[in-house]
Each structure stands twice: as C-alpha cells, then as structure tokens.
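Survey of secondary and tertiary structure
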Amino acid sequence: MNTISLIGKKYNDTLLYTESNIIGDTNQCSKKLKRLGGMYNFNDANIDSVKLNFYPVGEKSAFIVVDNQTSTRTSYVIDEKDALLTKQTIDQINNNSVWAHMCYVDDFETHQELLKIDVPYSIDFCTLKKRETYLPIMKKAKIIFDSRERKNEYNLFTLDTPIILHDQNGVEVIKNHIIISSFSLTPMKNLNVNGAGDIYAAHFIKNYFDISLNKSCYRAMIETTKTLIERNNEEI
C-alpha cells in the first residue's frame with residue numbers, strides 16, 4: 001500500500017451553512033459544524049488503497065460560509081501558530097512515504113525547509129500571494145494544484161511542472177503556458193463544496209500512482225463529484 005504524507009497547518013474549521021449569502025445583509029444559517037479541515041479533508045475522499053500520514057505543523061482557525069444554493073464557499077482565517085517544519089518531521093516523511101503533499105504551501109511562514117523533502121511531492125495554494133516567491137518549491141514539485149480563478153498568478157514565469165487548475169466547471173492542465181489538457185464539468189447546485197480542492201488532490205494522487213496525468217485528472221474530477229454528492233446525501 002502506498003503511503004502519502006500530508007504536511008500543513010492544523011485547520012480548526014467552523015462551517016456555517018446557508019441558502020443565501022448576501023454581503024451586507026443578515027443571512028440565516030441552517031446549520032453550524034465544527035471539524036478539522038485543510039489536509040484532513042483528504043479523509044473525505046475515503047480512499048482505501050493508500051495510507052495517509054498527517055504531519056500538522058502550525059495551526060489555523062477558519063470560519064467558512066457554505067452557500068448551498070450557489071455551491072460556493074467563503075473563508076475567513078486566523079493564524080494561531082506558525083508552521084515550523086523540524087528535521088525530525090522531514091526525516092519521517094522521507095523515510096516513511098512514497099509521496100508527500102504540501103497542503104497550502106503559502107500558509108508556511110518559512111517554506112525553505114520544504115525543499116529538504118526528497119520524496120516526490122505535490123503542492124497547492126490557498127491565497128493570492130505572489131507565486132514567484134515559491135519558484136524553487138514549484139520547480140521541484142511533480143504536480144501543482146490551484147483554483148482556476150488564480151490562473152493569472154502563473155503568467156509571469158515559465159514552469160515545466162504541470163499545474164492542475166480546478167473549479168466547478170472542470171479542470172485544465174497547463175505547462176509552460178500551454179494548456180495540455182482540459183475536461184469540462186456541469187456545475188451542480190445545492191452542493192457543499194468545502195474541501196473540494198483537497199478531495200480532488202487526494203483522488204488525483206491515488207490515481208497517479210497507476211495511470212497517466214490526463215487520465216488521473218479526468219478520473220479525479222469524476223470521483224470528486226461523486227464524493228461531494230455522497231457527502232451531501234449524508235448531511236441531509
């Protein structure tokens with residue numbers, strides 16, 4: 001069984017579910033839920049074929065408004081503890097995993113230590129911080145995940161590493177400013193999409209051990225939709 005190491009801040013999520021989120025108005029919430037988020041969203045993918053090792057470094061509180069009607073989410077976050085990656089943690093990751101995933105690499109106050117990870121790794125981003133700051137880490141990565149709405153962040157430099165951009169309309173993969181593949185998806189309403197990017201990464205990495213980049217992208221898109229639907233049915 002392949003072991004994936006997950007590195008990131010421990011997210012303490014408070015989710016507020018609403019049927020309408022109108023800025024500047026009073027919005028009625030149907031439910032409040034507290035849970036672990038961030039890298040722990042990988043658990044929602046329910047993958048039995050891989051083992052997940054979690055390495056929480058630092059801590060963050062997140063307050064998330066989930067708009068069921070539009071299947072969108074809005075987050076408000078507070079840094080509680082800096083993300084510090086120790087030599088002991090790096091050694092454990094290098095010795096005990098075949099793949100590492102850095103959840104929200106732009107969360108790390110000091111990210112140069114991440115370059116000491118020797119196993120193949122993927123990364124993702126959660127903010128609009130300038131990507132040039134992370135070029136050494138991106139160049140060494142095997143895969144970069146990001147939201148398609150942040151695609152313009154990659155316009156100023158050329159990168160050999162495939163960048164997988166995802167949103168509710170599907171997935172596209174760019175490399176050296178060229179779209180090498182894309183897959184469309186019909187958006188679904190009344191769906192809790194919180195953690196969808198993490199769930200997509202989980203499915204992709206699991207698939208990528210056995211099949212090609214393009215097939216992994218497509219299959220992960222389908223599997224993520226299925227996971228979100230199943231989770232939604234459990235919540236009703």
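The structure reproduced in this document is the subject of the present report. (Residues numbered from 1 in each chain as written. Predicted model: local features only at pLDDT ≥ 70, side-chain atom pairs only at ≥ 80, totals over all residues. Heavy atoms only, no water.)

Counted according to the given criterion, the structure contains one cavity of 30 Å³ or more. There is about 50 Å³ of room inside the largest cavity. If you go around the largest cavity, the residues you meet are Tyr-154, Phe-157, Thr-158, Leu-159, Ile-163, Ile-174, Lys-175, Asn-176 and His-177. Looking at the lining of the largest cavity residue by residue, the class counts come to five nonpolar, three polar and one charged. (1 Å grid on protein atoms, 1.4 Å probe; cavity = no way out; pocket = protein on both sides within 12 Å on 5 of 7 lines; lining within 4 Å. Points joined across faces, edges and corners; volume = space filled by probe spheres on them. Nonpolar A, V, L, I, M, F, W, Y, C, P; charged D, E, K, R; others polar.)

Now for helix α3 (residues 196–208). If you check α3, its first and last C-alpha atoms are 18 Å apart, about what 13 residues at 1.5 Å a residue would give, namely 18 Å. Counting buried positions along α3 gives ten out of 13 residues, so the element sits mostly inside the fold. Looking only at α3, the buried set comprises Asp-198, Ile-199, Tyr-200, Ala-201, Ala-202, His-203, Phe-204, Ile-205, Lys-206 and Asn-207. (Helix = DSSP H or I, 4+ residues; strand = E, 2+ residues; numbered from the N terminus. Expected span 1.5 Å × (residues − 1). Buried < 20%, exposed > 50% of the residue type's maximum accessible area, 1.4 Å probe, protein only.)

Assignment of secondary structure puts Phe-54 in strand β3 (residues 50–67). A residue is classified by how much of its surface remains accessible, and Phe-54, at 24% relative accessible area, is partly exposed. If we ignore the near neighbours within four places in the chain, the residues touching Phe-54 are Leu-6, Met-39, Tyr-40 and Asn-43. (Contact = heavy atoms within 4.5 Å.)

Next up on the list: the pattern of salt bridges. Opposite charge on two side chains permits pairing when their charged atoms draw close. One pass over the structure, following the stated rule, counts 16 salt bridges. Between Asp-91 and Lys-87 there is a salt bridge, and its shortest N-O distance comes to 2.8 Å. One end of the pair is Asp-91 and the other is Lys-87, both in helix α1 (residues 87–96) and four residues apart, which spans about a single turn. Judged by relative accessible area, Lys-87 falls into the exposed class, the value being 61%. Among the ionic pairs, Asp-146 bridges to Arg-150, the shortest N-O distance being 2.7 Å. Assigned by exposure class, Asp-146 and Arg-150 land together as buried. Several salt bridges share partner residues, and in doing so they unite Lys-9, Lys-60, Asp-79, Asp-107 and Glu-109 into one network. (Salt bridge = Lys/Arg side-chain N within 4 Å of Asp/Glu carboxyl O.)

Judged by nonpolar contacts, the single largest core of 29 residues is most densely connected at Ile-7, Ile-117, Ile-123 and Met-138. Among the secondary structure elements, those contributing two or more residues to this core are β3, α1, β5 (99–102), β6 (121–124), α2 (135–140) and β8 (163–167). In terms of residues, this core owes the most to one element, α2, which gives three residues. Counting 28 residues, the second-largest nonpolar core is a separate cluster that includes Tyr-40, Ala-45, Ile-164 and Leu-213. (Core = buried A, V, L, I, M, F, W, Y, C linked by side-chain atoms within 4.5 Å.)

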